[in-house]
Amino acid sequence: MISSTRQIASAAFGTTQRRWIASTSRSSRAMPFIPDHTSASPSSLSMKSEPMRLLMLAKPGSGKGTLSGRLTSKYNVQFVSTGDMLREEIKAGTEVGKQAEGIVAGGGLVPDELMIKLLGTSLESSSMKGKSWILDGFPRTLVQGERLDRYLGSTGQPLGLIVHLDVPDEIIMGRISDRWIHPSSGRIYNNSYNRPKVEGLDDVTGEPLVRRADDNPEIFARRLKSFYAQTAPLLEYYRSTAPSNLVTLSGKTSDEIWPQLESLVRSRFGSLKSKSETKRVVPEAVIRRAEREISRDHRDFISSMVPIIPAAY
Ligand code: AP5
Ligand code: MG
């Protein structure tokens, strides 16, 4: 996940032009997150050689984080979750965290401008540009969706795929009461679906798992309600601006959606390589052969230089 308090603090709002300005961690150069002069640039199908720029758009508790986690552990893909970012800001007690805390705990939506500022710093970062990534939790309103399209269009890196996970409400409600998370990594567990190896502990670090403050039935019902009121219209928006990029995957049971998602991204993004494939691309023998060739070239180079090197040397 890409987020830092330092990055957030470096962002400023251009009040006169009504647009957000974010500065990268690499330089102090101010960069417009979403320049006003650009227009939306819907994606087309001809994205196969492009990095994967994937949006997870779905109800709370539908499995966005879980499926993204599977993709990132198998493929070389960056992952940005605005929910995880907010939880990190809240935990660190930053200004953004203080503004968001009550809203998140109450199941509402954090104001668009704050979210745009928060996400802008990540999208501008060098670890995202030109890379494959998954965005989870943003956009959540039409305003956010339009701003994202304009920004990505202006950088020539439009979305390549919008995955809508369609899971029935009653299934989701059952899952949430069983969810545990590892806050610093965002890893998600579920006592019936994806149990940790040791109960209550993260598989990788062994640190304790916690419950999310907004995972109780009453708050969850509010989150679901705000999805229908504010986020669901984005489906219509993408249906009209990028119909070929919007794909709905449906499923009720544990592993129904994962194989669909994996075959979808593999067929859409030819450049997507699994981590093991990436490793296999450079086996030991190839590295050794390259080293031998380099040292032979080096010897040839030295020999070719000898006649022109002055004798004194
Ligand atoms: P966020 O963290 O994004 O929460 P959310 O959208 O409500 O989604 P969840 O994280 O609850 O669910 P998920 O779809 O990731 O499901 P998961 O994989 O965990 O946002 C939190 C809050 O931040 C928002 O309410 C809002 O206040 C604020 N916010 C964030 N972004 C914002 C924005 N852009 N604008 C304004 N406000 C913003 O899965 C759920 C459970 O199901 C897990 O226990 C999992 O193990 C289990 N599970 C997953 N898949 C399966 C399966 N196939 N079978 C069985 N169980 C499964
Ligand atoms: Mg999530």
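Conventions adopted
- Residues numbered from 1 in each chain as written.
- Chains lettered and ligands numbered in written order.
- Predicted model: local features only at pLDDT ≥ 70, side-chain atom pairs only at ≥ 80, totals over all residues.
- Heavy atoms only, no water.
- Helix = DSSP H or I, 4+ residues; strand = E, 2+ residues; numbered from the N terminus.
- Buried < 20%, exposed > 50% of the residue type's maximum accessible area, 1.4 Å probe, protein only.
- Contact = heavy atoms within 4.5 Å.
- Areas by Shrake-Rupley, 256 points an atom, 1.4 Å probe, with all protein chains shown as cover.
- UniProt positions renumbered as here; feature names shortened; annotations may be inferred.
- Core = buried A, V, L, I, M, F, W, Y, C linked by side-chain atoms within 4.5 Å.
- Pairing = 2+ DSSP bridges.
- Axes fitted to C-alpha atoms, helices over the stretch in contact; angles between N-to-C directions.

J.: Which parts of the structure should I look at to understand the overall build of the protein?
T.: Scanning the protein from terminus to terminus reveals twelve helices and ten strands. For the protein, the residues scored as buried account for 44% of the 313 residues in total. A separation threshold of at least 6 residues defines the contact pool for the protein, and within that pool the share at least 24 residues apart is 73%. For the protein, the computed accessible surface area is about 15900 Å², with 56% contributed by carbon and sulfur atoms.

J.: Would you mind showing me how to read the environment of Leu123 here?
T.: Examined against the element boundaries, Leu123 turns out to sit in helix 5 (residues 112-123). For Leu123, a relative accessible area of 5% gives the class buried. Between the C-alpha atoms of Leu123 and Tyr151, which are 28 residues apart in sequence, the distance is 9.4 Å.

J.: Before we go on, may I ask you to explain the UniProt feature "binding site: GTP" (unreviewed entry) in the protein in this structure?
T.: Following the UniProt record, one finds the feature "binding site: GTP" (unreviewed entry) at Gly61, Ser62, Gly63, Lys64, Gly65, Thr66, Arg179, Ile188, Tyr189 and Ser254. Counting through the fold element by element, Gly61 comes out in the loop between strand 4 (53-58) and helix 2 (64-74). The class of Gly61 is buried, set by a relative accessible area of 15%. Note on placement: Gly65 falls in helix 2. When near neighbours in sequence (up to four residues on either side) are disregarded, Gly65 contacts Asp136 and Ile188.

J.: What am I meant to see in the UniProt feature "binding site: AMP" (unreviewed entry) in the protein here?
T.: With numbering aligned to this structure, UniProt lists the feature "binding site: AMP" (unreviewed entry) at Thr82, Arg87, Gly108, Leu109, Val110, Gly137, Phe138, Pro139, Arg140, Gln144, Arg212 and Arg223. Counting through the fold element by element, Val110 comes out in the loop between helix 4 (95-105) and helix 5. On the basis of relative accessibility, which here comes to 6%, the residue Val110 falls in the buried class. Setting aside residues up to four positions removed in sequence, Val110 forms contacts with Leu86, Ala100, Ile103, Val104, Met115 and Gln144. Along the chain, the position of Pro139 falls in the loop between strand 6 (133-136) and helix 6 (142-154). Every residue in contact with Pro139, bar those within four places of it in the chain, is listed here: Leu55, Leu57, Gln144, Gly145, Leu148, Thr231, Leu234 and Tyr238.

J.: How should I be thinking about the nonpolar core in this particular structure?
T.: For soluble globular proteins, nonpolar side chains are generally found buried alongside one another. Grouped together as the largest cluster of nonpolar side chains are 30 residues, with contacts concentrated most on Leu86, Leu135, Leu148, Leu159 and Tyr238. For this core, the secondary structure elements donating two or more residues are strand 4, helix 3 (82-92), helix 4, helix 5, strand 6, helix 6 and helix 9 (233-241). When residues of this core are assigned to their parent elements, the largest contribution, six residues, is made by helix 5. Ranked by size, the runner-up nonpolar core spans 27 residues in total, among them Leu71, Ile172, Val247 and Leu261.

J.: Just checking my understanding: could you explain the sheet that holds strand 4 for this structure?
T.: Strand order across the open sheet formed by five strands is 5-6-4-7-10, with parallel pairing between neighbours. The open sheet has two free edges, formed respectively by strand 5 (78-81) and strand 10 (246-250), since each of these has just one partner strand. Taking the axes of each pair of neighbouring strands and ignoring which way they run, one obtains an average angle of 20° across the sheet. Pairing analysis gives five bridges linking strand 4 to strand 7 (residues 161-166), with the strands arranged parallel.

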